[in-house]
Amino acid sequence: MNRRSLLATAALGLGLAFSGPGLAQDKTKACFVYVGPIGDLGWSYQHHQGALAVQEAYGDKVDVSWQESVPEGADAERVLTQMALSGCNIIFTTSFGYMDATNAVAAKFPDVKFEHATGYKREHPNVSTYNARFYEGRAVQGHIAGRMTKTNKIGYIASFPIPEVIMGINSYYLHAKKANPNVELTVIWAFTWFDPAKEADAAKAMIEQGVDVIASHTDSTAPLAEAAKTPGVIGFGQASDMADYKPSPRVSSIIDNWAPYYVKRVGEVIDGSWSQSDTWAGIKDGEVEIGEITEAIPADVRAEAEALRDAISAGSYHPFTGPIRKQDGSEWLAEGATAPDGDLLGMSFYVEGIAGEIPQ
Amino acid sequence: MFGSIDPALLIASLMVNAVPIMLAATGELVVEKSGVLNLGVEGMMIMGAICGFAVAVVTGNPYLGFIGGALGGAALSAIFAVLTQILQTNQVATGLALTLFGLGLSSLIGQSYVGEKPPATGDVAFGPLAEIPFAGTVLFSHDWMVYVSILMVAAVWWVLRYSRTGLVLRAVGESHEAAHALGYKVTRIRMLAIFFGGALAGLGGAYVSLVRVPQWTDGITAGAGWIALAIVVFASWKPWRVMIGAYLFGGVTVLQLNLQAAGSAIPAEYLSMAPYLITILVLVIISSGRGRASLDAPASLGQNFHASR
């Protein structure tokens, strides 16, 4: 868990410091902070794949280092400070909860570039944010869920009530509802990104209450392992393909492909063209991939899901297209209107039809 | 508010949920009864989780997996035993270090097992008994580890209360000097108790990776060991209360997820907090109860012993 690759990095940083500024310029150091273990096979695993791609792309020109399982909060600030001191040129902080820590440390190290995933605060010129349009993938999952459920009950294991998750819930529900007007959505808030036993318990609670399609917004494969115990229950790979659970219960997946972005940004640091930006890429850009839809899904449903994916990719369809009302019945999007990014990034309401309240 | 929750299924899943913490807490109870405070439960559990998982995957036999888990936990506890009993290190610091070490080592061993699936641990076949409405679901639909965990509590209770071994163990925990003066091998008894505690913690860990979440991921026990430690205090060092504590904790955890799934009107934050709030509440009630229960801690708990003193 605490594989301190950081220690090696720190030692190396010290070495560079002593070997003079000339040499220190030679190599660019890219550092990554993960919220869970790389072995989660989900969120952190995919970020690490991106980090490895950076190493692959630039070979000797970069040093890549990382630290796993860094808690969000005060610990993150300490880890970031240490990374900045150890000579990192660019630091990727890969969880929403690192937002304030990233900005606080960035203020102290104006020469170090910071890239914060899924956040919206860019308080200093050396902080960029980047995100993926996961809701596009959720639309495809929602469609499959609506078509496949036999009990008309579908579930969503949510992590924390942040816009990214709420957006996912809304997109999943809207498309399930479109495919099957009788569908009911059950949301369980796990209040964790990574706790396999709890994620499995949440899936179990849903299954016991008749839910037969489960999407998860947590980082481990535990919900799929739990779904595998009950025949007829299906789920989706989250963040990574989770291909071990093919062809069922894992019938499709959302794959976060961070590699192109990481390679591009580190490249910009190497050639000096890096500047602050806010990137939000989706299926079109290859940052969100839809994993293989398996043969457990009937051919017609598969074709519909793939058509939906392609329409989103081509830009001819936006998952949030009006008319859409908020949960309280007030209008959000008029007929034919699509959601502006600003609305999505600050989303704090359920759409009409979802029961329950979002925890504050 | 309890709309779609089936009470039989709820009770059945809380029993499953409680197995790892119950096993680990029972083991720790024996360790503490012998006067040793081993805070490394989390580390021993996760070692049991990976060792059990590895053995089960390699041999294809879940039963061997559980034995492997118990051995893995016991092996890690052996380090603690040697350090604290022979080299006389501080028990609190050593226990904490053991947890950190176990987490790291399990991650290292687990590298090549990520993504593997263990062989299934089947339910015990009770035949017609399992068909009984309600009781069948609650009592006769589990895998055999659920019954082992209950038998383990019963066995520990019986041994501590009625057997000579239990009396000696308690004597060592209450006053190691008196026990030593009577000719009992304090260090040896304590080391055996530590191995037993490690084995049970390992068994609990193996249950997490083989049954509850049948897979290996780093940090899979996610703090269950700390809860086991709290349950021992909660139970004021009495085996049956350990069982109640584990079921209470497991029950509240399962209930809060079920309430959310059933669309309860209670906000999710309060439900998530509930298991911990209730633990704190019970600890407060227990320790205020005429001051007796709180004094049930073994008198030599956490103190090192050397025959020369």
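Calculation notes
- Residues numbered from 1 in each chain as written.
- Chains lettered and ligands numbered in written order.
- Predicted model: local features only at pLDDT ≥ 70, side-chain atom pairs only at ≥ 80, totals over all residues.
- Heavy atoms only, no water.
- Axes fitted to C-alpha atoms, helices over the stretch in contact; angles between N-to-C directions.
- Helix = DSSP H or I, 4+ residues; strand = E, 2+ residues; numbered from the N terminus.
- Parallel < 35°, antiparallel > 145°, perpendicular 65-115°, else oblique.
- Left-handed = near helix turned anticlockwise from the far one by under 90°.
- Contact = heavy atoms within 4.5 Å.
- Nonpolar A, V, L, I, M, F, W, Y, C, P; charged D, E, K, R; others polar.
- Buried < 20%, exposed > 50% of the residue type's maximum accessible area, 1.4 Å probe, protein only.
- Pairing = 2+ DSSP bridges.
- Right-handed = clockwise from strand over helix to strand, strands pointing away.
- Domains from an automatic or database assignment.
- Salt bridge = Lys/Arg side-chain N within 4 Å of Asp/Glu carboxyl O.
- Polar contact = N/O pair within 3.5 Å; in protein donor to acceptor, adjacent residues only side chain to side chain.
- 1 Å grid on protein atoms, 1.4 Å probe; cavity = no way out; pocket = protein on both sides within 12 Å on 5 of 7 lines; lining within 4 Å.
- Points joined across faces, edges and corners; volume = space filled by probe spheres on them.

Before going further, it helps to spend a moment on the packing of helix α2 (residues 41-59) of chain B against helix α9 (residues 186-212) of chain B. Residue and element names in this part refer to chain B. Interaxial distance between α2 and α9 falls to 6 Å at its minimum, and their mutual angle equals 55 degrees. Put simply, α2 runs oblique to α9. Considering how the two elements wind past one another, α2 and α9 form a crossing that is right-handed. Contact residues: Val41, Met44, Met45, Gly48, Ala49, Gly52, Phe53 and Ala56 in α2; Gly197, Gly198, Ala201, Gly202, Gly204, Gly205, Ala206, Ser209 and Leu210 in α9. Taken together, the residues of the contact of α2 with α9 break down into nine nonpolar, eight polar and no charged.

Moving on: the pairing of strand β3 (residues 90-93) of chain A. Residues and elements named next belong to chain A. Side chains of β3 alternate between two faces, with Ile90 and Phe92 and Ile91 and Thr93 buried alike. As judged from the four bridges shared by strand β1 (residues 28-33) and β3, these two strands associate in the parallel manner. Bridge assignment links phenylalanine 32 to a residue of β3, and that residue is phenylalanine 92. Two strands pair when backbone bridges link them, and β3 and strand β4 (residues 113-117) are joined in this way by four bridges, in the parallel orientation. By the bridge assignment for β4, phenylalanine 92 is matched with glutamate 115. With helix α5 (residues 99-108) bridging β3 and the parallel β4, this β-α-β connection has right-handed handedness.

As a further point, take the domain arrangement of chain A. Residues and elements named next belong to chain A. As assigned here, chain A comprises domain 1 (3-132) and domain 2 (134-256 + 289-345). One C-alpha centre belongs to domain 1, the other to domain 2; they are set 31 Å apart. Taken together, the connections running from domain 1 to domain 2 amount to zero salt bridges. Across the contact surface, domain 1 and domain 2 share three residue pairs in polar contact (both at pLDDT 80 or more).

As a volume, the largest pocket reaches approximately 720 Å³. Residue assignment for the lining of the largest pocket shows that the elements contributing at least two residues are α8 (196-208) and α9 (222-227) of chain A together with α1 (7-33) and α9 of chain B. Of the residues that constitute the lining of the largest pocket, the class distribution is 13 nonpolar, six polar and nine charged.

Overall, the coordinates contain 15 salt bridges over all chains when judged by the stated rule. For the salt bridge of aspartate 201 of chain A with arginine 212 of chain B, the shortest nitrogen-to-oxygen distance reads 2.6 Å. Of the two residues, aspartate 201 of chain A is situated in helix α8 and arginine 212 of chain B in helix α9; the pairing between them involves two chains. Using a relative accessible area of 12% as the deciding quantity, one classes arginine 212 of chain B as buried. Here lysine 246 of chain A makes a salt bridge to glutamate 292 of chain A, at a shortest N to O gap of 2.8 Å.

Once that is clear, we can look at the sheet that holds β4 of chain A. All names here are of chain A. The six strands are arranged β2-β1-β3-β4-β5-β11 in an open sheet whose pairing can be described as parallel. Here the strands that pair on one side only, and so sit at the sheet edges, are β2 (62-67) and β11 (278-281). Each strand axis lies, on average, 15 degrees off the axis of its neighbour in the sheet, ignoring direction. With four bridges connecting them, β4 and strand β5 (residues 127-132) associate as parallel partners. From the neighbouring strand, phenylalanine 114 faces β5, where its bridge partner is valine 127. Strands in contact with helix α10 (residues 259-271) are β1, β2, β3, β4, β5 and β11; relative to β3, the strand with the most contacts, it is inclined by about 155 degrees.

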